[in-house]
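Breakdown of the fold
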Amino acid sequence: MKLLYCSAFMFREEGGQTYALPSCADPFFQKYLDVFDKVRVLGIPVRDYLDTSALVKMTDPRISVRIAKPNTAPADFKNDKEVKRVLREEIEKAEAILMKPASRRGMMAIRIAEELHKPYMIEMTGDIHNALKQHPSLLKRMYAPFFYWQIKNAIKNCKFGIYVSKDYLQQQFPINGIMCGCADVILEAADEQILERRYKKIDAKQESDIVEISLIGFYQGKMKGVDTAIRALSKLPDNYRLNILGNGTQKSRDNWYGYASSLGIKNPKNRITFPAPLPNATAVLEWLDTQDFFVLPTRSEGFGRCVAEAMSRGCVCFATNICTMPELLGKECLHPLGDGDRLAELILKYNTDKELMKANAKRNFDKAKEYDFEILRERRNKFLNQFKEYCESNKV
C-alpha cells in the first residue's frame with residue numbers, strides 16, 4: 001500500500017532529479033516505509049531565500065515527489081485553484097493519506113478526502129497558533145485565534161493523529177480518534193563514550209578558551225529567537241561565540257551582524273558565525289560534539305528535534321519555557337520568552353561550574369534515550385499498522 005503525504009515541504013526538480021533540504025530528504029520519509037510499500041509526497045518549490053547549496057538528492061526509489069505551487073502566503077492565494085486540482089488528483093487515487101493540517105493546504109486536503117470518503121490521518125508537528133501569536137505582523141496576530149479554530153474544527157473528527165509531542169500538541173489540537181505521541185527525531189543509538197568525551201571536553205576547558213554556543217534553525221526572521229541569542233551574547237565576555245547552523249540569506253546574516261553591532265558587540269563577524277548547512281543528521285551530531293552549549297530561544301516549537309539531538313551529545317541546553325520545551329528540559333534550564341539577560345545568566349552560571357555542566361550533560365544524555373530510534377520506531381509502527389488496517393477496511 002502506498003502512503004500519500006500531503007505537506008508543505010520544499011523540493012526542487014533539476015535534470016530529472018529531485019532535491020530536498022536535509023531535514024526532509026529520504027531519511028525523514030523512510031520511517032513510513034516500515035509499514036507502507038511506497039511514499040508519495042506532495043510539496044512546494046524551494047523558497048528563493050534558502051541556500052540551495054544545502055539541497056541533497058533524493059535517491060530512494062520508493063519515495064516519489066510531486067511539487068505544487070504554494071498557497072500559504074496571501075500573495076499565493078491565486079494558486080488555490082491549481083492546488084485544489086493537484087490535491088484532488090492525488091487523493092482520488094490514494095489508499096492511505098497522511099496530512100499536515102496546520103495550513104490552508106492541509107485543511108483543503110482534509111475537505112477533499114472527506115468528500116471522497118478517503119481514509120486519512122493527521123500529523124501535528126508544530127503549534128501554528130502560538131507561532132502566529134508571536135508574529136511581527138499585527139494582521140497575522142489578529143488572525144491567529146480564527147485560524148486556530150479552523151484547524152481544530154477541521155481535525156476534530158479525524159480517526160488517527162500522530163503528534164511529535166508527549167502531551168502538549170494533543171492538548172492544543174485534540175481529535176476524537178486515536179492520538180499517538182511520537183517524536184520525529186532520528187538519534188543514533190546511545191553510546192556511553194559520547195558522554196565520556198563530553199566530560200573530558202568540559203574538564204579540559206580553560207577560562208580563556210573560546211566558549212562555543214550553538215543554535216540550529218532558520219535565521220530568516222526571529223521565530224527561532226536569534227535576536228534573543230544575540231542579546232544574550234552581548235552580555236557575555238568576548239571569548240563567547242554564537243554559531244547559528246541553518247539556512248538564510250546573506251542579507252539576513254548582514255542584518256544580524258548589524259543588530260549585534262547596535263548592542264555593542266565588537267567585531268560581530270568574529271563572535272557570530274553562520275556555518276554552511278550540513279548534509280545529514282550524522283554531520284549535525286558530529287558538529288554538536290564541538291559545541292559547549294546549545295540554545296533555542298524559540299518563539300514557538302513543535303518538538304524541538306535540534307534540542308533532542310544536542311541532548312543526545314551531552315550538550316548543556318537552554319530554551320524558552322514554552323510549548324514542548326518543558327517536555328525536554330528541566331525548568332532550571334528554561335528562560336522566559338525573549339529574555340536574553342536570563343539566557344546569558346544561565347550560560348555564565350554553568351560555564352563557571354564544571355561539575356554542574358557534567359551533571360546537566362548526563363541528565364540530557366539520559367533523557368535523550370527516551371527518544372531512541374528503536375523505541376520511537378516500535379511505537380510509530382504499531383500506530384501506523386493500526387491506520388493501515390483501517391485503510392484496508394475502508395477502501396473506496
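What this report covers is the structure whose coordinates are included nearby. Just so it is clear, the structure is predicted and the values come from calculations on it, not from any experiment.

Turning next to helix 7 (residues 192-204). For the α-helix, the turn length of 3.6 residues means that residues three or four positions removed from each other point alike. If you check helix 7, its first and last C-alpha atoms are 19 Å apart, about what 13 residues at 1.5 Å a residue would give, namely 18 Å. For helix 7, every residue scored as buried is listed here: Ile194, Leu195, Arg198, Tyr199 and Ile202. The arc that holds the buried residues of helix 7, viewed along the axis, is 140°, so those residues lie on one side. Along helix 7, exposed side chains directed more than 90 degrees from the buried face belong to Gln193, Lys200 and Ala204.

This paragraph deals with the pattern of salt bridges. Inspection of every chain in the model, using the stated rule, returns 30 salt bridges. In this structure, the salt-bridge partner of arginine 271 is aspartate 238, at a minimum N-O distance of 3.6 Å. Taken together, the residues arginine 271 in helix 10 (residues 268-271) and aspartate 238 in the loop between helix 8 (226-234) and strand 11 (240-245) connect sequence positions 33 residues apart. With a relative accessible area of 64%, aspartate 238 lands in the exposed category. By sharing partners, the salt bridges in this structure join Arg40, Arg66, Glu82, Arg85, Glu89 and Glu90 into a single network.

Residues Tyr143, Phe146 and Trp149 make up a contiguous nonpolar surface patch of about 340 Å² in total accessible area. Topologically, phenylalanine 146 is positioned in helix 5 (residues 138-155). Overall, the relative accessible area of 43% leaves phenylalanine 146 in the partly exposed class.

With that out of the way, let us pick up the sheet that holds strand 10 (residues 211-216). Pairing is parallel in the open sheet, where 6 strands are placed in the order 12-11-10-13-14-15. The sheet is open, and its two edges are formed by strand 12 (272-273) and strand 15 (334-335), each paired on a single side. Bridge analysis of strand 13 (residues 293-296) against strand 14 (residues 316-320) gives 4 bridges, and the strand direction is parallel. Within strand 14, the position partnered with valine 295 by the bridge is phenylalanine 318. Sheet strands touched by helix 8: strand 10, strand 11, strand 12, strand 13 and strand 15. Its angle to strand 11, the strand with the most contacts, is close to 165°. Against the sheet, helix 15 (residues 354-368) engages strand 13 and strand 14, with an angle of about 75° to strand 14.

Moving on to the packing of helix 8 against helix 14 (residues 340-351). Where helix 8 meets helix 14, the axes come as close as 8 Å, and the angle between the chain directions of the two elements is 55°. Classified by the angle their axes make, helix 8 and helix 14 are oblique. Seen from above, helix 8 lies across helix 14 with right-handed handedness. Between helix 8 and helix 14, the residues in contact are Thr228, Ala229, Arg231 and Ala232 and Gly340, Leu343 and Ala344, respectively.

Right, let's talk about the pairing of strand 1 (residues 2-14) for a bit. In the case of a regular strand, side chains alternate between the two sheet surfaces. Relative to strand 3 (residues 38-45), strand 1 is paired through 7 bridges, and the arrangement is parallel. Paired with cysteine 6 across the bridge in strand 3 is leucine 42. Two elements, strand 1 and strand 6 (residues 96-99), share 4 bridges in a ladder whose sense is parallel. Considered in strand 6, the bridge of cysteine 6 is made with methionine 99. One ladder, built from 4 bridges, connects strand 1 with strand 2 (residues 17-20); its direction is antiparallel. Bridged to phenylalanine 11 within strand 2 is alanine 20. Between strand 1 and strand 2, which pair antiparallel and follow one another directly, the connecting turn spans 2 residues, one of which, glycine 15, has a positive phi of 60°.

With that settled, consider helix 9 (residues 250-262). With 13 residues, helix 9 extends 18 Å from end C-alpha to end C-alpha; this agrees with the ideal 18 Å at 1.5 Å per step. What helix 9 keeps buried is the set Ser252, Arg253, Trp256, Tyr257 and Ala260. Down the axis, helix 9 shows its buried residues gathered within 140° of arc, on one side only. Across from the buried face of helix 9, at angles greater than 90 degrees, the exposed residues are Lys251 and Ser262.

Rules of the game
- Residues numbered from 1 in each chain as written.
- Predicted model: local features only at pLDDT ≥ 70, side-chain atom pairs only at ≥ 80, totals over all residues.
- Heavy atoms only, no water.
- Helix = DSSP H or I, 4+ residues; strand = E, 2+ residues; numbered from the N terminus.
- Expected span 1.5 Å × (residues − 1).
- Buried < 20%, exposed > 50% of the residue type's maximum accessible area, 1.4 Å probe, protein only.
- Arc of directions from axis to C-beta.
- Salt bridge = Lys/Arg side-chain N within 4 Å of Asp/Glu carboxyl O.
- Patch = residues over 30% accessible without salt bridge, like charges linked within 9 Å, V, L, I, M, F, W, Y side chains within 5 Å.
- Areas by Shrake-Rupley, 256 points an atom, 1.4 Å probe, with all protein chains shown as cover.
- Pairing = 2+ DSSP bridges.
- Contact = heavy atoms within 4.5 Å.
- Axes fitted to C-alpha atoms, helices over the stretch in contact; angles between N-to-C directions.
- Parallel < 35°, antiparallel > 145°, perpendicular 65-115°, else oblique.
- Left-handed = near helix turned anticlockwise from the far one by under 90°.

No statement about biological role is implied by the geometric values presented.
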